[in-house]
Each structure stands twice: as C-alpha cells, then as structure tokens.
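# Structural overview
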Amino acid sequence: FSLPDQIVFAQMSVSVGTAHMLAYEYFNVGAYANAKALTLCGAFFQQVQCEDTPIEKMMTMSIKDENNPTELPLFYQGVKATKDDVSTSCYLKRVLPLKYQ
C-alpha cells in the first residue's frame, strides 16, 4: 500500500473491507504472508462487528471444534482461508465486491 497508486488505502479507516482489500492486493503481488495476516485481520474485524460477539466476550472464547465452530464462525472462516494460497484466494474473492477484484 505504499506505492503511489495505492496511497489511498493508507489514508482509509481500517475496517473489514480495508483489511480484505489490502489482503487481496498483497496476494496479487505475491506477498502471501501479508495477505494471510490481513485476511485474518479482516475476519476478526467482521466477527467483532457482530452484535452477539463483543470483544469482551471474544476474549474468553476459542474455537473448540473445527467441524462445528459455532462460537466464532466468521473468524473461523478467515482461519480456514489462510491454510493455503488457493483457500485464501477463494475467500478473498468471495468477501470482496466484484468491482474490486
């Protein structure tokens, strides 16, 4: 995001969309570790914004069963997406509007 044509991203408020968009941009330039970190960040932001999972509650939670992640489902989707590059790409394409892909 430090490239001249990407500076607008550095000036944005950080949100779910910002994190996922930056993840997508990093993924496209081959910076997969950064893309995966920002994918998790976006999933975390998305989970925190849910009314039933305020940050105070999230601090006491964990993903107990990978086959049925009922406590943190949105964050868990991000965790699953970062297991490999194909999953990350598919996840980012799913969460971003088409006009940003």
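Our subject is the structure listed above.
Residues numbered from 1 in each chain as written. Predicted model: local features only at pLDDT ≥ 70, side-chain atom pairs only at ≥ 80, totals over all residues. Heavy atoms only, no water.

## Some thoughts on the packing of aromatic side chains
By the definition in use, this model includes three aromatic pairs. For the ring pair Phe 44 and Phe 45, a centre distance of 6.3 Å and an interplane angle of 55° mean the geometry is tilted. Between Phe 44 and Phe 75, the ring centres sit 6.4 Å apart and the planes meet at 85°, which makes this aromatic pair edge-to-face. Here the residue Phe 44 occupies a position in helix α3 (residues 32-48), and Phe 75 occupies one in helix α5 (residues 73-81), the gap between them amounting to 31 residues. A residue is classified by how much of its surface remains accessible, and Phe 44, at 31% relative accessible area, is partly exposed. (Phe/Tyr/Trp six-rings, centres within 6.5 Å; stacked < 30°, edge-to-face > 60°. Helix = DSSP H or I, 4+ residues; strand = E, 2+ residues; numbered from the N terminus. Buried < 20%, exposed > 50% of the residue type's maximum accessible area, 1.4 Å probe, protein only.)

## Remarks on a nonpolar patch on the surface
Nonpolar side chains collect at one region of the surface, where Phe 44, Ile 55 and Met 59 lie side by side and expose about 290 Å² of accessible area between them. Tracing the sequence through the fold places Ile 55 in helix α4 (residues 55-58). (Patch = residues over 30% accessible without salt bridge, like charges linked within 9 Å, V, L, I, M, F, W, Y side chains within 5 Å. Areas by Shrake-Rupley, 256 points an atom, 1.4 Å probe, with all protein chains shown as cover. Salt bridge = Lys/Arg side-chain N within 4 Å of Asp/Glu carboxyl O.)

## Remarks on the packing of α5 against helix α6 (residues 85-95)
In the contact formed by α5 and α6, the axes pass within 8 Å of each other and the chain directions differ by 140°. With respect to α6, the element α5 is oriented oblique. Touching Gln 77, Gly 78, Lys 80 and Ala 81 of α5 are Ser 87, Thr 88, Tyr 91 and Arg 94, all from α6. Among the residues making up the contact of α5 with α6, the classes are represented as two nonpolar, four polar and two charged. (Axes fitted to C-alpha atoms, helices over the stretch in contact; angles between N-to-C directions. Parallel < 35°, antiparallel > 145°, perpendicular 65-115°, else oblique. Contact = heavy atoms within 4.5 Å. Nonpolar A, V, L, I, M, F, W, Y, C, P; charged D, E, K, R; others polar.)

## A word on the pattern of salt bridges
In total, this model carries one salt bridge according to the counting rule given. Ionic pairing is found between Asp 85 and Lys 36, a salt bridge with its closest N-O pair at 3.2 Å. With Asp 85 in helix α6 and Lys 36 in helix α3, the pair connects residues that are 49 residues apart, well separated along the chain.

## Re α6
Owing to its 3.6 residues per turn, the α-helix brings residues three or four apart onto one side. Buried within α6 are the following residues: Thr 88, Ser 89, Tyr 91 and Leu 92. End-on view of α6: buried residues confined to an arc of 165°, all on one side of the axis. Those residues of α6 that are exposed and angled more than 90 degrees off the buried face are Val 86, Cys 90 and Arg 94. Where α6 begins, one side-chain oxygen reaches toward the backbone nitrogen of Val 86, 3.1 Å away; that side chain belongs to Asp 84. (Arc of directions from axis to C-beta. Polar contact = N/O pair within 3.5 Å; in protein donor to acceptor, adjacent residues only side chain to side chain.)

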